[in-house]
Amino acid sequence: MTFEPMSKLLHIKAIIFDFDGTLAVLNIDFSSLKEKILDLIIHYGIREEMIRERYLLEIIDEVYQILGERNPSSAEAFYRESHQMLHEVEMKAAKKGNLIPGTRATLECLRKNGIKVGIITRNCEDAVRKVFPDIDNLCDVFVSRNSVKKVKPHPDHLTQVLDSLRISGQDSVMIGDHVMDVQAGKKVGMKTIGVLTGRTKAEEFERAGADYILRNASEVFDILEE
């Protein structure tokens with residue numbers, strides 16, 4: 001599905017991919033994970049109604065700040081415990097995870113044709129490397145949550161990748177399976193592509209303003225060839 005002429009992508013120098021749901025399937029039970037984190041938050045004396053953020057990593061950061069104003073040592077303990085929970089759940093999922101068919105071939109084709117490839121993720125680096133051990137051989141830059149202070153949809157995540165590649169947002173495309181990928185890409189001036197290999201439906205991508213919607217990430221190479 002397209003919303004503007006394909007010729008708009010002919011100048012593209014870099015494509016940045018989300019990981020889980022876009023290039024791979026980890027099958028993380030986010031609902032169960034969020035409940036565990038919320039239980040931990042309550043254990044530290046923070047009421048759920050005090051939390052404004054919607055996404056899990058941002059919730060953890062917000063609670064860390066709240067606790068830091070009361071008791072810095074409790075804040076540090078909470079941060080360690082919550083991230084240990086995240087790491088354990090992600091690693092468990094990674095053991096059964098796998099790359100989506102066509103991922104390696106697509107990345108190889110893009111790089112052979114002179115297009116830089118970046119991969120960003122809100123997942124921990126260990127989980128990604130468990131599923132994709134040769135990731136460094138198939139992309140030019142990989143930035144997990146361990147390597148950035150603010151993860152997508154905050155623009156810093158993508159800005160760090162673009163700075164590493166020395167390429168502007170206007171010359172790049174962001175591809176992901178979640179509306180936050182579209183939001184992040186738009187914040188730094190990128191064209192955005194939503195893929196239907198995750199849980200987000202085409203209508204949701206349309207509402208978010210995605211420039212293109214594809215069935216899977218492998219179709220991007222077909223777009224660039226047209």
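Above this text is the structure in question.
Q: Looking at this structure, how should I read the overall build of the protein?
A: When helices and strands are counted, the protein shows ten helices and eight strands. What you see for the protein is a C-alpha radius of gyration of 18 Å, in line with the 17 Å of a compact globule of 226 residues. Projected onto its principal axes, the C-alpha coordinates of the protein cover approximately 55 × 30 × 30 Å. Split into buried and exposed, the 226 residues of the protein put 52% on the buried side. Excluding contacts between residues fewer than 6 apart, the proportion of contacts in the protein whose partners are at least 24 apart in sequence is 62%. Accessible area for the protein stands at about 11,300 Å²; split by element, carbon and sulfur atoms hold 47% of it.

Q: Would you mind showing me how to read the layout of surface pockets here?
A: One simple way to see leftover space: roll a probe sized like a water molecule over the atoms. Here the largest pocket is characterised by a volume of approximately 920 Å³. Forming the boundary of the largest pocket are 32 residues, of which Asp 20, Phe 30, His 178, Met 180 and Arg 199 lie nearest the centre. Listing elements by their share of the lining of the largest pocket, those giving two or more residues are α1 (30-43), α2 (56-70), α3 (72-95) and α8 (179-187). The element contributing the most residues to the lining of the largest pocket is α1, with four residues. Tallied by class, the residues present in the lining of the largest pocket amount to eleven nonpolar, nine polar and twelve charged.

Q: Looking at this structure, how should I read α8?
A: Since the α-helix packs 3.6 residues into each turn, any two residues three or four apart lie on the same face. When α8 is considered as a whole, its buried residues turn out to be Val 179, Met 180, Asp 181, Val 182, Ala 184 and Gly 185. Tucked inside the fold, the buried residues of α8 contact β1 (14-18), α7 (155-165), β6 (172-176), β7 (191-195) and α9 (202-208). Gly 189 sits one or two positions beyond α8 and adopts a positive phi of about 80°.

Thresholds applied
Residues numbered from 1 in each chain as written. Predicted model: local features only at pLDDT ≥ 70, side-chain atom pairs only at ≥ 80, totals over all residues. Heavy atoms only, no water. Helix = DSSP H or I, 4+ residues; strand = E, 2+ residues; numbered from the N terminus. Rg over C-alpha atoms; globule rule 2.2 N^0.38 Å. Buried < 20%, exposed > 50% of the residue type's maximum accessible area, 1.4 Å probe, protein only. Contact = heavy atoms within 4.5 Å. Areas by Shrake-Rupley, 256 points an atom, 1.4 Å probe, with all protein chains shown as cover. 1 Å grid on protein atoms, 1.4 Å probe; cavity = no way out; pocket = protein on both sides within 12 Å on 5 of 7 lines; lining within 4 Å. Points joined across faces, edges and corners; volume = space filled by probe spheres on them. Nonpolar A, V, L, I, M, F, W, Y, C, P; charged D, E, K, R; others polar.

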